[in-house]
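Next come the chains, spelled out residue by residue.
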Amino acid sequence: MSEKHTIIQVALDFVDIHRAIKVASEAIEGGADWLEIGTPLIKSEGMNAIRRLREIFPDTMLVADMKTMDAGRVEMEMAAKAGANIAVVMGNAPGATIRECVLAGKNYGIKVCADFMDTDAIDERIGIVEKCGVDYISIHTAIDDQMSGKTPFNVLRHICENAHTPVAVAGGINSENVVDAINAGAQIVIVGGYISKSENARDAANNIRQAVKENRRIQTGFFKRVTREDVRNAFMKLSTANISDGRHRAKSIVGLYPVNPSIKLIGTAVTVRTYPGDWAKPVEAIDIAKEGDVIVIDAGGTGPAVWGELATHSAIQKKLSGLVVYGAVRDTAEMKQLNFPVYTKLVMPDAGEPKGLGEINVPLNISGIQIMPGDWIIGDEDGLMAVPQAESEISVNYGMDCLEKENRIRKEILSEKSSLGRVTDLLKWEKK
Ligand SMILES: O=C([C@H](O)CO)[C@H](O)[C@H](O)COP(=O)(O)O
């Protein structure tokens with residue numbers, strides 16, 4: 001391996017071989033060096049995925065991401081005979097498995113990479129695998145760990161400084177953070193989603209190559225995972241459909257309708273329970289809420305109105321992000337003029353009296369969805385989603401993952417004049 005040349009390995013994490021081949025071709029054109037048959041592709045298509053890619057790319061380094069944990073001998077033999085040059089065993093597999101992988105690798109002419117994912121006592125483990133004679137080690141943040149904001153960089157530099165084996169890195173690598181990987185000493189950068197979910201894998205691979213070559217960050221709007229403090233901005237990019245998909249098709253708050261459909265609502269809930277028509281606690285909540293909050297009112301799902309123009313002006317003065325009322329509002333013409341995001345069940349001109357019955361910042365249950373004080377509330381033309389504060393970063397990151405995948409599928413449908421069913425081979429994957 002050239003000591004100066006950073007290897008770009010593109011991880012083909014697809015379940016469909018046809019899409020993997022498309023992306024592989026684009027990525028090689030864009031400057032990727034090695035092709036990884038990703039674990040999802042191996043589990044979906046088996047060794048035929050390796051055979052197919054070997055047919056199409058006879059001279060390209062193929063890495064089989066087997067993630068072997070046992071039966072090292074037979075798994076290395078399979079990958080080698082199917083055409084792979086390198087196969088992956090997990091770094092925390094039993095020592096005997098690592099040893100068998102290396103011996104089988106020597107026997108069948110395949111190199112072995114030990115992949116370290118969320119490994120305790122990693123220095124000790126690396127010592128074990130290097131003693132077994134692995135050819136590469138990789139420091140890897142699992143996709144599921146990335147969704148809570150984890151990255152491979154905190155241990156990477158230490159490993160690169162102490163390992164005697166070429167080090168690869170994987171886990172959310174993109175055109176902005178790849179410089180952190182090479183400056184920490186990684187010789188192989190494994191890039192999955194940033195390339196494989198990109199609408200143009202060739203340009204994405206080229207961005208990685210340029211970022212490596214010039215040692216600079218190339219900004220990207222996608223393929224970045226956020227931590228809690230960046231959640232609001234990330235929600236701005238997502239639809240409520242992305243959020244629902246990202247939360248395993250979570251249910252929305254049904255039965256409430258946007259007064260201003262084209263204005264997105266994003267904020268943290270200040271909850272209010274009141275009696276139909278009693279607008280005292282709703283208005284008092286405005287003075288408790290802070291900038292960026294959304295007031296969520298359970299008024300029993302019926303009139304009279306508990307909110308109108310004057311309360312809206314007050315909320316805008318406090319820079320609140322919106323209003324959700326399971327009940328009735330009035331003065332919607334003014335709400336539209338003020339561009340204030342409001343979701344309501346009912347609209348009517350008659351209001352009630354401020355009796356002061358009810359409570360602020362208490363758990364609510366609206367349309368079967370529990371809403372706690374501080375939960376994120378997101379609204380768009382499709383409806384309303386509630387996201388618990390404690391699950392906000394994984395929800396926004398999985399929602400972003402869904403959006404990124406849809407962007408790629410849309411591009412394939414349009415560029416190939418195809419259809420969703422054909423592009424995703426839907427018949428094969430219908431839920432049985
Ligand atoms: O190995 C991988 C993961 O475990 C799914 O199989 C990925 O190929 C690896 O993480 C690279 O993908 P990104 O993290 O999306 O860059």
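Residues numbered from 1 in each chain as written. Predicted model: local features only at pLDDT ≥ 70, side-chain atom pairs only at ≥ 80, totals over all residues. Heavy atoms only, no water.

Q: I keep staring at the pattern of salt bridges and nothing clicks. Help me out?
A: If the charged atoms of two oppositely charged side chains come close together, the side chains can form a pair. A complete count under the given rule lists 27 salt bridges for this structure. Residue aspartate 401 pairs with lysine 197 through a salt bridge whose shortest N-O separation is 2.4 Å. With aspartate 401 in helix H17 (residues 392–415) and lysine 197 in the loop between helix H10 (193–196) and helix H11 (201–214), the pair connects residues that are 204 residues apart, well separated along the chain. With respect to class, aspartate 401 is no different from lysine 197; both count as buried. Between glutamate 393 and arginine 228 there is a salt bridge, with the nearest N and O atoms lying 3.0 Å from each other. Placement of the pair is glutamate 393 in helix H17 and arginine 228 in the loop between H11 and helix H12 (231–237), with a sequence separation of 165 residues. Three or more residues are tied together by salt bridges with common partners; here these are Arg19, Lys22, Glu26, Arg408, Lys411, Glu412 and Glu416. (Salt bridge = Lys/Arg side-chain N within 4 Å of Asp/Glu carboxyl O. Helix = DSSP H or I, 4+ residues; strand = E, 2+ residues; numbered from the N terminus. Buried < 20%, exposed > 50% of the residue type's maximum accessible area, 1.4 Å probe, protein only.)

Q: So what exactly am I meant to see when it comes to the UniProt feature "domain: Orotidine 5'-phosphate decarboxylase" (unreviewed entry) in the chain here?
A: The UniProt feature table records "domain: Orotidine 5'-phosphate decarboxylase" (unreviewed entry) at residues 7–208. Within the segment residues 7–208, helix and strand shares are 50% and 21% respectively, and the terminal C-alpha atoms sit 11 Å apart. (UniProt positions renumbered as here; feature names shortened; annotations may be inferred.)

Q: Would you take a moment to explain the site of the ligand for this structure?
A: Neighbouring the ligand are 17 residues, the closest being Asp13, His140, Gln146, Gly192 and Gly193. A distance of 2.8 Å separates an oxygen atom of the ligand from a polar backbone atom of glycine 192. For the ligand, whose free accessible area comes to 400 Å², the fraction covered by protein is 90%. Secondary structure elements with two or more residues in the shell around the ligand: helix H2 (39–45), strand E3 (62–68) and helix H7 (143–146). By residue class, the composition of the shell around the ligand is six nonpolar, seven polar and four charged. (Near = heavy atom within 4 Å. Polar contact = N/O pair within 3.5 Å; in protein donor to acceptor, adjacent residues only side chain to side chain. Areas by Shrake-Rupley, 256 points an atom, 1.4 Å probe, with all protein chains shown as cover. Nonpolar A, V, L, I, M, F, W, Y, C, P; charged D, E, K, R; others polar.)

Q: Sorry, what's going on with the sheet that holds strand E6 (residues 136–140) here?
A: As summarised here, the arrangement of the eight strands in space is E1-E2-E3-E4-E5-E6-E7-E8, forming a closed barrel in which the pairing is parallel. Averaged over neighbouring strand pairs, the angle between their axes works out to 25° when direction is ignored. Pairing geometry for strand E1 (residues 7–12) and strand E8 (residues 188–191), over four bridges, is parallel. Bridging across to E8, isoleucine 8 finds its partner in valine 189. Its contacts with the sheet place helix H1 (residues 17–30) against E1 and strand E2 (34–37), and it is angled at close to 165° to E1. In this fold helix H3 (residues 47–56) packs onto E1, E2 and E3, with an angle of close to 170° to the strand it touches most, E3. (Pairing = 2+ DSSP bridges. Axes fitted to C-alpha atoms, helices over the stretch in contact; angles between N-to-C directions. Contact = heavy atoms within 4.5 Å.)

Q: I keep staring at the pairing of strand E10 (residues 265–273) and nothing clicks. Help me out?
A: Two faces belong to every sheet, and in a regular strand the side chains alternate between them. Most of E10 sits out of view: eight of its nine residues are buried. Inspection of the sheet shows E10 paired to strand E11 (residues 293–298) by six bridges, in the parallel sense. From the neighbouring strand, threonine 268 faces E11, where its bridge partner is aspartate 293. For the segment spanning E10, helix H14 (residues 280–288) and E11, crossover handedness is right-handed. Sheet topology note: the E10/strand E14 (residues 359–360) ladder contains two bridges and is antiparallel. Across the sheet, arginine 273 pairs through a bridge with glutamate 359, a residue of E14. (Right-handed = clockwise from strand over helix to strand, strands pointing away.)

Q: Mind showing me how you'd approach helix H5 (residues 95–108) here?
A: Residues separated by three or four positions in an α-helix point in the same direction, a consequence of the helix having 3.6 residues per turn. Helix length check: H5 (14 residues) gives 20 Å between terminal C-alpha atoms against 20 Å at 1.5 Å per residue, within 8%. Of all the positions in H5, only Thr97, Ile98, Glu100, Cys101, Val102, Ala104 and Gly105 are classed as buried. Against E3, helix H4 (72–82), strand E4 (86–90), strand E5 (111–117) and helix H6 (122–132) lie the buried residues of H5. (Expected span 1.5 Å × (residues − 1).)

Q: I would appreciate a short explanation of the domain arrangement of the chain in the present structure.
A: Note on interface size: it is often stated as the accessible area lost on association of the parts. Domain boundaries assigned for the chain yield domain 1 (3–225) and domain 2 (230–393). For domain 1 and domain 2, the distance between their C-alpha centres works out to 45 Å. (Domains from an automatic or database assignment.)

Q: What am I meant to see in the packing of aromatic side chains here?
A: Given two aromatic rings, one states the distance between the centres and the angle between the planes to describe the pair. Within this structure, the stated rule accounts for four aromatic pairs. Look at tryptophan 34 and tyrosine 136: their rings are 5.8 Å apart centre to centre, the planes differ by 75°, and that puts the pair in the edge-to-face class. Note that tryptophan 34 is positioned in strand E2 and tyrosine 136 in strand E6, a separation of 102 residues in sequence. Across the pair, exposure class does not vary: tryptophan 34 and tyrosine 136 are buried alike. Three or more aromatic residues joined by ring pairs make a cluster, and in this case those are Tyr194, Phe222 and Phe223. Sitting over the face of the ring of phenylalanine 222, lysine 237 holds its NZ or CZ atom 5.8 Å from the ring centroid. (Phe/Tyr/Trp six-rings, centres within 6.5 Å; stacked < 30°, edge-to-face > 60°. Lys NZ or Arg CZ within 6 Å of the ring centre and 35° of its normal.)

Q: Any chance you could explain the UniProt feature "binding site: substrate" (unreviewed entry) in the chain here in plain terms?
A: With numbering matched to this structure, UniProt assigns "binding site: substrate" (unreviewed entry) to Gly308, Glu309, Leu310, Ala311 and Arg330. These residues run over 23 residues, yet every pair of their C-alpha atoms falls within 10.5 Å of each other. As for its position among the elements, glutamate 309 is in helix H15 (residues 309–317). Using a relative accessible area of 67% as the deciding quantity, one classes leucine 310 as exposed.

Q: Sorry if this is basic, but what is going on with the nonpolar core here?
A: One recurring pattern in soluble globular proteins is that nonpolar side chains are buried together. If you look at the biggest cluster of nonpolar residues, it comprises 69 residues, and the most contacted ones within it are Leu12, Leu53, Ile137, Leu156 and Ile195. Every residue in contact with isoleucine 137, bar those within four places of it in the chain, is listed here: Cys113, Ala114, Phe116, Ile126, Val129, Ile159, Ala163, Thr165, Pro166, Val167 and Ala168. (Core = buried A, V, L, I, M, F, W, Y, C linked by side-chain atoms within 4.5 Å.)

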